[in-house]
Structures are given as C-alpha cells and as structure tokens.
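Breakdown of the fold
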Amino acid sequence: MRAVLTWRDKAEQCVYDLAFKPDGTQLILAAGNRLLVYDTSDGTLLQPLKGHKDTVYCVAYAKDGKRFASGSADKSVIIWTSKLEGILKYTHNDSIQCVSYNPVTHQLASCSSSDFGLWSPEQKSVSKHKSSSKITCCREEHNDILAVADWGQKLSFYQLSGKQIGKDRSLNFDPCCLSYFTKGEYILLGGSDKQVSLFTKDGVRLGTVGEQNSWVWTCKVKPDSNYVVVGCQDGTISFYQLIFSTVHGLYKDRYAYRDSMTDVIVQHLITEQKVRIKCKELVKKIAIYKNRLAVQLPEKILIHELYSDDSLDMRYRMKEKIVRKFECNLLVVCADHIILCQEKRLQCLSFSGVKEREWQMESLIRYIKVIGGPPGREGLLVGLKNGQILKIFVDSLFAIVLLKQATAVRCLDMSASRNKLAVVDENDTCLVYDIHTKELLFQEPNANSVAWNTQCEDMLCFSGGGYLNIKASTFPVHQQKLQGFVVGYNGSRIFCLHAFSMSAVEVPQSAPMYQYLDRKMFREAYQIACLGVTDTDWRELAMEALEGLEFETAKKAFTRVQDLRYLELINSIEERKKRGETNNDLFLADVFSYQGKFHEAARLYKRSGHENLALDMYTDLRMFEYAKDFLGSGDPKETKMLITKQADWARNINEPKAAVEMYISAGEHGKAIEISGDHGWVDTLIDIARKLDKAEREPLLMCAHYFKKLDNPGYAAETYLKIGDLKSLVHLHVDTQRWDEAFALGEKHPEFKDDIYVPYAQWLAENDRFEEAQKAFHKAGRQGEAVRVLEQLTHNAVVESRFNDAAYYYWMLSMQCLDIAQDPAQKDVMLSKFHHFQHLAELYHGYHAIQRYTEEPFSFHLPETLFNISRFLLHSLTKDTPLGISKVNTLFTLAKQSKALGAYKLARHAYDKLQGLQTPARFQKSIELGSLTIRSKPFQDSEELVPLCYRCSTNNPLLNNLGNVCINCRQPFVFSASSYEVLHLVEFYLEEGITDEEAVSLIDLEAPRHKRENKWQEITSNTSQTLRLDETLDSMGDDDPFTAKLSFEQGGLEFVPVVVNRSVLRSMSRRDVLIKRWPPPLRWQYFRSLLPDASITMCPSCFQMFHSEDYELLVLQHTCCPYCRRRIDDPSP
C-alpha cells in the first residue's frame, strides 16, 4: 500500500472537522469560525462561508446531497444548501459538539454539551432533549461493527448490542479521529502521533497514510474511492490517494492473491473453487508452486502445503514457518526451497531458513519463473535488465546463459517441449527464439506478456494494447479484444489478470484451425480443434476433411459433433473400399449429395456411369424436372412411380390441389379422395364418385364417409345406393336424423326396423319427447325402454336434489304407466305403479319448497305455505321415506313456521321429534334454542290454523294420526298444488249404472233452482235510509240435494263415500263440479265445490287443483302449469 499526495493546502486556523459532498466533488472544512469549500479534484478553494461568530467544531453533509450543517462554539447550528447558501439557523444552550444526518430520513441530529436536538426539513421547530452528561460524538454508521478509540490509547470493536468483539488493541498514541472506508473494509485513525494510520476492519495496522507536522484532528475517506483527506491542528489539509498494489502468484491452474491486505485466497482457475487463508498480518509477497504456497509477512515467511496430491484438492495446512524479516523484490517457492530476489542477487533458502546457495547477477533481475523439475532440483528461468536470459537449477551454483538480446527483459515463457523461448522486452515486442540454435524465429509488436500453450507446441498467445493475439506456427496472428495481461495458456483457456482479478477465458481456437485447413493440413487442424473450438468449427473441419477424402479425420470430427448421418456415410464408403471399390468420383458424389450439392453430385454420378443414382436422388428430393432428364426409355412403371412421388411431394409441401390431380392421373384414387375429404372439396369428391365404377367399393365407401362427414347426406345416400349398401344408408338417415327417409326405407325393408326405431326412440327421449319415445320403443318391440329411461331421469333428479324435476318426471312416469296399463296383461302392475308414481310426484313437488327453504338463504314461499307443505309431507310420510326427502328438513321447517304462526303445540311436537333425530350441525344451535324458547309459549295451537273438513264441518287437529283425512268422516282432503291449503271440495261417486258420459250430460242440464232472494232490504223515509237483513228466508243448503248426501253415520271407522244418483246430478251446476277425466282403464273422479264463489282451477293435463288466482299467477311466471309443465298455448289436455 502506498499513499500519494494529490494536493495540500493550509488554513489559518485548526481544522476541527470536515465532510465530503456525497458525490465526492466538494470538501467542506471547519477552520476557525469559517467553513472552507474545496474542489476535491485539484484542491482549489471555491468559497469561504461566514455565518458563525465563534469556532466551528463540526460539519456534516446529508446523504441526498441537498444540504449540509455546521455547529459552532457560538451555540448555533446553520443549515446550508448545496449551493452554499444558509437557509436556517437555530441555537442550543451550550456550544455545539457534533452534528450528523440520518442517511434515510435526512433528519439532522445536533448535540451540545448538555442537550441534543432533532431537525427535519418537514418541521418548522427543532425538538430538543436534555442530556445528563456531555455529548462528544454522534455518527450515522451503516456498519454492523462499532469501532471505538479512546485516550487510553486503545482500539476496541463492539457489536451494536454492546458486546465487545475480540481484545483491545494498543495504539501507543492518543487518537483524535476515527473513520471507516465507504464499504467498511478499512479504518483510518489519526491523533497525537502526527500521522494517519490505515488499519483493517479487525484492527490490524497496515501502514501510514501520511506523516504531518502537528496533531491530526480529523480524517475522512472520499465516498466510494481510495482518496483520503487529513486535517491538522496547524491548519494543514492534505489529500492523498491510496494505491493498493497486487500481490499474487500463479502456477498452472492455481492462482493465489492477497485479499483485505491480511488474507490469502487460492483460486482454482478451472473449477472456480476458492479457499481463504487468514494470516492476521500484512501480506507482503505470495508464491505458489505445485502443492506449495509461500506467504511473506512483515516478520516471517509461512510455508503451506496441500493435504493430498489430488489436483483438485484445495485444503492447505501449515508446513514450515521461517521467523525472520526479509527484504526482497520477488519471492519464488519450490518443492523444498524458497528463492528470494533482491535486485541483482538470488538467494536459495531451505524451509528451515538456512541459506544453501546464492547467485549474483550482472544486472537487475526483472523476471523469474519456476519451469519445473524433480523436487530439490527445479529449474528457474531468469530474465535480466541487460537482456540476458538464464536458466538456473536450484541444486547448482552455475547459471546457464540461454541467450543474450539487446533489450531488457519484461516477461518470459518456455514452450512445453523446452525447444522454444518467448520473450517480451521493454519495447513491447514479443520475440520467439529456438533455444538450441539461438535463432530468432519471429517477432510481433504490441506485447506486454506472453504464454505458450501447454498442450500444443506451436501455439502461443500474447497480450497488449487491449488485444489478445494468438499465433500458430508461422501463420499470421489472430487478434481479439481482451483487457489485462495473459499469464497462462492451457488448451483453449487463457488465464488473464485484469486489475485485481484473475479469470480463465475460453478462447475458441477457430482462427489457427482454419489457417491449417486452408493449407489442407487436416491432421494438424484436428490437433488444434482438440484444444477447443465451437461445434460449427468441428463441422467445418469434418466437411473439409470429407471432401478431401481424409476419412479418418472426418470420422473423428463427425463423432465429436455426433452426426450419425455422415458417420454412416463414411462407414459405408469404407465398407465399399474394403470390397474393392476404388472410384473416388462415386465416393465424392455421395459426399456432395449428403452436403446438398446435388448438381455436382449428379454430374459425378453421370461421369461414373450411374445415371440411375442421379434419378433416385432427384426423385427423393422432389426435384422432378431434373429427374426427367435421367429417365430411361420411357418405362410406364417408372413414369407412374415418378408421378406418384411427385404427388406425395405436392401433398407434403401443402399444394393439395396439384396432388389430387396427380393422384387421379396415376390411378391412386384413395389418396385423392383422402386429400379432397380432409380439405372439404365436395365437388371433387362428387366427380371422383361418379366416375368410379360400382365395383370399386373401397374408394366409393371412402367418398360416402367424407360426404357424411362434410354434411352432404344426399351425395352419401347416392353413393351408398350406387354400391347397394342399404344398411349403411339406414345408418346415414339415422345419424343425420332424417327420420322420414328412414321410415320409408324401413317400410320397404322391414329387416332394418330395429336399426331405425330404437335410435329414433332414444333421440325422442333425449329431446324430452317421452310419449313419442315410448311409442317408438313399442313400435321397435321394446316396450319397457320408455319407462326405464324415465326412471333413470327421475333417479338422477332426486340424487342431484332437483326435486321439482323429480316430481315432473314421476308424473310423466305415472302417465307412461297408465298408458301401458291399457294392455290387460299389464293392467294391475302398471296401475299399482301409476298410483305409486303419482304419490311420489306429489311428495317431491311439495318437498321442493322445503329443500329451497332449508338450503337457500332466502325463502320464496309464504310462512303459511311452508307450514301447510310440511304438515302435508309429515302426514304423507307415515311409512318409508322416499330417497332424497329429509324428515329433519321437514320437521325443522314445520317447527320454525309453527312457532312463527302461533301453532305452539305443534311446534313443541316438532322440536321433540327433532331431538330424537340426527340433525346437521348447522341446524343444531337453532333447534336447541327453539326447543328452549317454545317452552315459554302456551301449550296450544292458534284456532285460525286448524283445518276444517268441508263435508262434516269438523275442525281437525294440526297433527293428525290418520294422515290427510278427516278424523270424523274419514273424507280425504283435497289440497291446492301451490299453497297446499285444504280446498272446499268433496269427492263424490256415481251410483251404480251411471256412466261418465251420462253423468256429464246430466250435470250439463243445469236444472232450474229456486231463485235466491236478496235478504237485504232497503227502506227509505224522509229522514233516513235503512238496510235490513231478513232472517226469515231459507238458506241455500236447505234445497240442495247434494248437501243431504253429505250426511254419514257418526263415529264410524270406515270411510263412507258420497254416492249421488241421477236427480242429484241433475240438480248440480256445471260451475260447481270439477271432473278429473282420467284415460282408461281409470274411472273419472268428480268433485263438488261447496263454496262456489271461491273459484278453483284444475289443470286439464295433470288434474291438480289450484286456487284460480294462484294458478293464474304461476302460469304467468312459468308460462306453463307448475306441476306438469303443460304450456298454456298447448291445445291438448
């Protein structure tokens, strides 16, 4: 390390503090009561700043470079801008001791003897805080280690937590200033010893920066540089540049260099592995050789050795220690010795420090290098300033003069075979000599270092002027840009030292290889390529050797690039040569054809009498115009083959039109049809199909397939008819859903009946046309298929919780069963299924509302409706519960709505039932809370909710053990299919002998009845108007024959139906009677409305009853019946 004085100036008074502008362009000094601003580049005083009335003690610059601050003995702090203008001044109670900026927030801390203040640009005032003791220093630091120097003449290091690191280091002087380098790698320390010392970050002293004439009060490092400024008590300002020289050593692929001044790093240039050896003292010299490493420290030399002989081993251990101070310019280590070079003298010492021999040179030693040899007898190559080049053996006292030149030696290297010597002299000239003849072989300018390739005798490289020069044999030099010095050359790697780093640069040996190739020196070019060239260069070498018929070299090169194609060619040529072929023209023609030089290959084939090979080559290459030149006597087979290959080529290059024409002309109809079909050319297919004979079945079937695929069933049908394939024609009509044509074909050919009607029925079922599907299945002889399809749809709807759809499908299923029940053989089974499916349809239709209420966040039904539905379901689920219907959901809904509507007794019953069931977790809290709160309600139900039997006028309990029938007369209740209220309908039956048609005709007669008189009478006088109800008139029921039929035997356990005769039917009004006109074999059902003014509507399809207003609203919402989904515009019942 050297310190070079850049500039110096002197102020009139002591320099107490200084600060650099963050970009390093300006230096602010605190001298006396002024601030001095210097240009750091040349030491020019830019401007003195006056603002303080007393001595300025401290100065600090903000990290953003916008402002700096100064503190003075006059108790004031001044904020200055980067334009050297004062913008703010504030005071403390005592003199200012130190100031510092926060590097992130740019907040300023100013400290006096008794307090400290914080100021930021965003605040108008300064917040101040008292201190119990004197503040002498404040500093922002981005290092994790705190360095402390005190007047106990000690240097200590601490973690930020306060824990000391290591031991105190003695200084032997009183420190006044301490400063880290920008990155924290070094420390500057100055004080009473009148100099600034450089220390490592661990406290190891490295040297003196500059000696002064008085105490050093302040020293700082210019940001991100190696420049140091020193301020002294006598006002001297000194600006130094620190120069850190490179201390390193190299042997083959191991490079050792100094790091952090006290460490040695050994780098393996091939594997990039590194190992650090800590010396804890200043490293002065480094030497490395094979498994040895020598390190010179100020008072000793350390010898290290590798743990093993492994070339990749990077573990070193201490071997010897020579505790002695040496002065030398160069240091070299051998297997058992170290060589010290001091000007003209060389000394050989053993590892124990004993001097074994000494050599005195005629001139200054400029270069020394170990060139190898047996342990203890190594050879040294020495270059002197007077131009002499010597070879010295460690065990010999005599130096051998290799040659003498006129200019001083700067760099030396000897070739691998030790036959040639390369020298770089002080004129930057590279000179190459033959060692044996002393002859100068050649010389090259602009060289600062040189190295021979250790794997190739005739190659060397030298660097200079920013270029790398590679020279092979006596060929011209190849240049490429490279910064630094060449220090080694191994194969394709060049070891380059640039600044302080060593790197291995991969340099392709392309240029020298091509120089050999130009002279057809294939084997020498191959040797160069082995050092390292690109794959492209390898391929070029292989091609050149192949064209030169140097098959051995070509084979090696093609093996290197793994080109199996050319290797097969070379092997085939070698096999032919073994069989006795000697025609080099034919061999070269094959080479040219592989290389793509087809015309040259064709000429050579023709010259060697093998026109057929040229024909095959051009045909394979789809170069048909050239191929025609080599056709024989016009053989039709060859011509057809050529046309077919040409068509294949046209197809491959995406010219399908031309390919189709060529295939047709060559008779390859199948390929022509395939291309036309893939491209959708229907017209071409039609032409081909109509020109083909009906005996050519395969091409015609292909045409039909493509017609069908391209949605042209008419042409496909024409083609099937041409070849008489009726079965395929049937499948065509079915696949394209052309049912009329299929039915017509089925009438003519009954054997295809199953092939037509089964797919037709499946298609109908998929399109929700179940009635038609059932008829189609029946027509195809598969009567059970329709029922099975519906059963599967219904099951799916239940499993997927689509209960509305399930109800609809069950209703459809029941109607299908009713339709099938017309067959006497299946009547009983199908009617049983009909009633079962009707019952399931009613259950799922009701449960749909319950499921939506329990699963969805919002309810779409009124509480009364949910209450009625849950009661209906609970009374209907007396036996087995159908799949998908949850008793828990039903009871939960009943409990909630009963409680809300005042049916507390029923709600308590529902909650009790829920307690005995396994309920989902989401219901449990609500059920437990409801079970508790219902206890506070009266044990009775609201009378408004009690259902009334319209036959016997009995109030039925909300919880009916008999189900959905009256507890008194056993009359089944008729429910609305929307609100599930009990409708005012009573079912009646016809007397024996009365047919449905006669009953309807009797009801339609509408016999005249006694006209009801208005019971309300209006009386008008002069003073008033009076409205009176006359109670003497007979009520309507007195003369209604149907009302008399409603009577029954009280307390009977059996249900007694209402049976009417012809006179009763004749007395009924058509408006009051609703008839469910079931198809046979079922009988019609008759219902009488007991409240004619309350209108009831019955769906003509599913025969479900609704309040008229509810039905109209639902039809408007859904445009169909909510139960059977019959559309309002559908005229059929």
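Overview of the structure. (Residues numbered from 1 in each chain as written. Predicted model: local features only at pLDDT ≥ 70, side-chain atom pairs only at ≥ 80, totals over all residues. Heavy atoms only, no water.)

1. Comments concerning the sheet that holds strand 33 (residues 337-342)
Strand order across the open sheet formed by four strands is 32-33-34-35, with antiparallel pairing between neighbours. The sheet terminates laterally at strand 32 (330-333) and strand 35 (355-360), the two strands that pair on one side only. The sheet shows a mean angle of 15 degrees between the axes of neighbouring strands, direction not considered. Of the pairings in the sheet, the one linking strand 33 to strand 34 (residues 345-350) comprises six bridges and is antiparallel in character. Within strand 34, the residue paired with Ile-339 across the bridge is Cys-348. (Pairing = 2+ DSSP bridges. Helix = DSSP H or I, 4+ residues; strand = E, 2+ residues; numbered from the N terminus. Axes fitted to C-alpha atoms, helices over the stretch in contact; angles between N-to-C directions.)

2. Let's talk about the sheet that holds strand 18 (residues 186-191)
Strand order in this open sheet of four strands is 17-18-19-20, and the pairing throughout is antiparallel. A strand with exactly one partner marks an edge of an open sheet, and here the two such strands are strand 17 (175-180) and strand 20 (205-211). Across the sheet, the mean angle separating the axes of adjacent strands is 25 degrees when strand polarity is ignored.

3. Considering the packing of aromatic side chains
Using the criterion set out here, one finds 30 aromatic pairs in the structure. Between the aromatic rings of Trp-151 and Trp-215, the centroid separation amounts to 6.1 Å while the plane-to-plane angle is 75 degrees, which identifies the pairing as edge-to-face. Of this pair, Trp-151 sits in the loop between strand 14 (145-150) and strand 15 (154-159) while Trp-215 sits in the loop between strand 20 and strand 21 (216-221), placing them 64 residues apart in sequence. By relative accessible area, Trp-151 is classed as exposed at 55%. By relative accessible area, which is 27% here, Trp-215 ends up partly exposed. (Phe/Tyr/Trp six-rings, centres within 6.5 Å; stacked < 30°, edge-to-face > 60°. Buried < 20%, exposed > 50% of the residue type's maximum accessible area, 1.4 Å probe, protein only.)

4. A closer look at the environment of Asn-143
Along the chain, Asn-143 turns up in the loop between strand 13 (127-130) and strand 14. Of the residues examined, Asn-143 reaches a relative accessible area of 13% and is grouped as buried. Taking the C-alpha atoms as reference points, Asn-143 and Thr-182, 39 residues apart in sequence, are found 9.5 Å from one another.

5. Some details on the nonpolar core
Among the nonpolar cores identified, the biggest contains 61 residues, and Tyr-810, Trp-811, Tyr-844, Leu-985, Met-1105 and Cys-1121 are the most heavily contacted of them. Elements represented by at least two residues in this core include exactly helix 20 (785-799), helix 21 (803-820), helix 22 (827-855), helix 23 (863-876), strand 57 (1096-1098), strand 58 (1105-1107) and helix 30 (1108-1118). With 13 residues, the top contributor of residues to this core is helix 21. Once you skip the residues sitting within four places of it in the chain, Tyr-810 turns out to touch Thr-794, Val-798, Phe-837, Leu-840, Ala-841 and Tyr-844. Leu-331, Val-333, Leu-346 and Trp-359 belong to the second-largest nonpolar core, a separate cluster that totals 48 residues. (Core = buried A, V, L, I, M, F, W, Y, C linked by side-chain atoms within 4.5 Å. Contact = heavy atoms within 4.5 Å.)

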